[in-house]
Every structure is written in structure tokens, then in C-alpha cells.
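Examining the three-dimensional arrangement
Here's the letter readout for the chains.
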Amino acid sequence: MEEALLRAVLFGTPLLLAGLGALLSERGGVVNLGVEGMMALSALVAFAVGLQAHPALGVLAGMGVGSLLGLFLGVFAVSLRANQFVAGLALAALGLGASGLLGKRYEGTPLPNPLPEGMLAMLALILALGLHLLLSRTRFGLYLRSVGENPKAADLFGVSVDGVRYLALALGGGMIGLAGAYLSLAYRPSWTDGMTAGLGWVAIALVILAAWQPLRAIFGAYLFGLLFFLQFRLQGSVPIPSEAFAAMPYLLVILVLALSGRARAPKALGQPFDRGR
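Residues numbered from 1 in each chain as written. Predicted model: local features only at pLDDT ≥ 70, side-chain atom pairs only at ≥ 80, totals over all residues. Heavy atoms only, no water.

**Topic: the overall build of the protein chain**
Helix and strand content of the protein chain: 11 helices and 0 strands. Of the regular secondary structure in the protein chain, the N- to C-terminal order runs α-α-α-α-α-α-α-α-α-α-α. Considering only intrachain contacts with a sequence separation of at least 6, the fraction spanning at least 24 residues in the protein chain is 82%. Carbon and sulfur atoms make up 68% of the accessible area of the protein chain, which amounts to about 12500 Å² in all. (Helix = DSSP H or I, 4+ residues; strand = E, 2+ residues; numbered from the N terminus. Contact = heavy atoms within 4.5 Å. Areas by Shrake-Rupley, 256 points an atom, 1.4 Å probe, with all protein chains shown as cover.)

**Considering the packing of aromatic side chains**
A complete count under the given rule lists 4 aromatic pairs for this structure. With 5.2 Å between their ring centres and 75 degrees between their planes, Phe-72 and Phe-76 make a pair best called edge-to-face. Taken together, the residues span about one helical turn, with Phe-72 and Phe-76 both in helix H3 (residues 55-79) at a distance of 4 residues. Given a relative accessible area of 33%, Phe-76 falls into the partly exposed group. Through a chain of ring-to-ring contacts, three or more aromatic side chains come together here, namely Phe-11, Tyr-182 and Tyr-187. (Phe/Tyr/Trp six-rings, centres within 6.5 Å; stacked < 30°, edge-to-face > 60°. Buried < 20%, exposed > 50% of the residue type's maximum accessible area, 1.4 Å probe, protein only.)

**Some thoughts on the side chain of Arg-165**
Relative to the helices and strands, Arg-165 resides in helix H8 (residues 161-187). Side-chain polar atoms of Arg-165 contact the backbone oxygen of Gly-28, separated by 2.8 Å. With sequence-adjacent residues up to four places away left out, Arg-165 is seen in contact with Gly-28, Gly-29, Val-30, Val-78, Val-147, Pro-151, Ala-268, Gln-271, Pro-272 and Phe-273. (Polar contact = N/O pair within 3.5 Å; in protein donor to acceptor, adjacent residues only side chain to side chain.)

**Quick notes on the nonpolar core**
Leu-15, Leu-16, Val-35 and Met-39 are the most contacted members of the largest nonpolar core, which has 76 residues in total. For this core, the element with the highest residue contribution is H8, accounting for 14 residues. When near neighbours in sequence (up to four residues on either side) are disregarded, Met-39 contacts Ala-18, Ile-176, Ala-179, Gly-180, Leu-183, Thr-196, Leu-199 and Gly-200. (Core = buried A, V, L, I, M, F, W, Y, C linked by side-chain atoms within 4.5 Å.)

**Observations regarding helix H2 (residues 35-52)**
The first and last C-alpha atoms of H2 sit 26 Å apart over 18 residues, in line with the 26 Å expected at 1.5 Å per residue. Taken across its 18 residues, H2 has 14 buried, putting it largely inside the fold. (Expected span 1.5 Å × (residues − 1).)

**Thoughts on the packing of H3 against helix H4 (residues 84-102)**
Two elements in contact, H3 and H4, have axes separated by 9 Å at closest approach and are oriented at 145 degrees. Like other packed secondary-structure pairs, H3 and H4 cross with a definite hand, here right-handed. Two secondary-structure elements touch here, H3 through Leu-69, Phe-72, Leu-73, Phe-76 and Ala-77 and H4 through Gln-84, Ala-87, Gly-88, Leu-91 and Leu-94. Among the residues making up the contact of H3 with H4, the classes are represented as 8 nonpolar, 2 polar and no charged. (Axes fitted to C-alpha atoms, helices over the stretch in contact; angles between N-to-C directions. Left-handed = near helix turned anticlockwise from the far one by under 90°. Nonpolar A, V, L, I, M, F, W, Y, C, P; charged D, E, K, R; others polar.)

**Some words on unusual backbone geometry**
Glycine aside, the phi torsion of most residues is negative, and most peptide linkages are trans. Phi angles above zero are rare outside glycine, and Ala-211 is one such case at about 55 degrees. For Ala-211, the position within the fold is in the loop between helix H9 (199-209) and helix H10 (214-233). Here the phi dihedral of Trp-212 falls at roughly 60 degrees; this positive angle occurs in a residue that is not glycine. For Trp-212, the position within the fold is in the loop between H9 and H10. With relative accessibility at 6%, the residue Trp-212 sits in the buried group.

**A few points about the side chain of Ser-25**
Mapped onto the secondary structure, Ser-25 falls in helix H1 (residues 2-27). For Ser-25, the side chain forms a polar contact with the main-chain oxygen of Ala-22, separated by 3.0 Å. In this structure Ser-25 touches Val-30, Asn-32, Ala-168 and Leu-169, once residues within four positions along its chain are discounted.

**Regarding a nonpolar patch on the surface**
A cluster of nonpolar side chains, Phe-72, Val-75, Phe-76, Leu-80 and Leu-94, forms an exposed patch at the surface whose accessible area comes to about 430 Å². No other element matches H3, which puts 3 residues into the nonpolar patch. Relative to the assigned elements, Leu-80 resides in the loop between H3 and H4. (Patch = residues over 30% accessible without salt bridge, like charges linked within 9 Å, V, L, I, M, F, W, Y side chains within 5 Å. Salt bridge = Lys/Arg side-chain N within 4 Å of Asp/Glu carboxyl O.)

Here is the structure:
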């Protein structure tokens, strides 16, 4: 039992970090479907820097790449007012393709001094609590929630809608980058193409499961983590095809999306803001 809980926490940590990053941007009204690609490219850069310099610098590099990719998404989703879903999917494809191409030289190379998983798992919990306080107790949190619910009203009160959304994308991208760094520097201290294995898409569903609340995201991430652990632990011990276990977390994702109508999303989610209208 203790082992299952421990592995649920450790495997749920990248989901929690990525989910918090997506949640932050979505509370500001910007849908981020590029999480998978952002995680992959951040994981590669974090590993490369960690291998050549130090894993702590790799963490910072991964977060930096995530923030830059978040701002890159903002250029299309915020400034150019492009379709946020299309822009996010394009970013996901770009991140996955670039990481696969640039990471070939690092395939099969282990990291000599990986970071402790527990330290980053604790950091993820602190960030979840911090994000909760940021959204509920600070002026920026009020601005962010206002922009996500009614950007026109926020603009009338002098709030820079584009500025708040850019900042949310940068901060959220940093958390997504930290999720990628966790994978390549702690959880599996190496680099392999496809190491995110769909976790970015699960993180997007986690945001819906958590009803856009950071504290609820903790329990949702650990639930997904437990399912992934059971997927590997029970294979071969019960007469059920391994494919059924592999599908367990994704079946839950489909269930979450099917029931998403019960969760109250920010009213302006996915809607570009045009001040002139």
C-alpha cells in the first residue's frame, strides 16, 4: 500500500506540474493544447544542460524553455488572435518534432547525477498551494480571474488583458517546463524520444477534472499516477490483457471529457479578446 501511494505521488508529479501550468493559462482565458510538445522540448533541453553542466541548471533551462514556448503561443493566441486550439496543436507538433530531431545525439545516454524525485514532488505541492493563494488572495489573481471571466469588463477597469494573459502563459509555461525537467532529470534520468508518452494530454484533462482549482489538481494528479502504477504492477498477475491496463488512464481521460459539461470553465476560455469590438 505504501509503495502504491509513493509511486502514485512520484508519477503524478509531472502531471500535477503540467496541469498547474495549463490551469494558470486557462484561468486567464487561453487554452493551451501544446502541453505535450512543451514538456518534450523542455525535457530535452533540461537533460542536455544537466548533462553538460549541472542538473540544477537543467531545471532552470527546462523552465526557461517552457516559458519561452508559452510566450510563443501567446504571439498567436493573444496578439494575432488566432484560433487557440489550432495554435496549441501546432505547438504540440512542433515541440514533439523538434525534440525528436534534436535529441537523437542524447539517445541512450544516462544522467550521472540525477535529482531526487522527492524534492521535486514536494516542490510541486508547494507550487499548487502557491498557485491557489495567488489566484484567491492576490491582486494579480483577481486580474487573472477577471480576464478569464469577462475580459471586456477587466479592460474597462484598466487591466491589460493581453499583458495578464502573456504573464499567465509565461508562468504556466515555466511549470510545464519543470514537468519536462522532472521526467529527464529525476524520474527517468535520461533522454528518449517520446518519453512524455501522452502525459501532456492527460494533464489537460486533469485541469477539467480539477474544475480549474489548483488544490483539486493535486488529488486528480495522484489518482492518475495511481492508475499508471497499477497499469504496470498488475500486468501479468491477473488474466486481463495488457492492452486493457495500458488504456486505463486514457479511459479515465475520456470519461472526464465526457463529463466536462458539469465543470464550470472560465467564461472567456478560448475566446480571443479584441479591444476594438
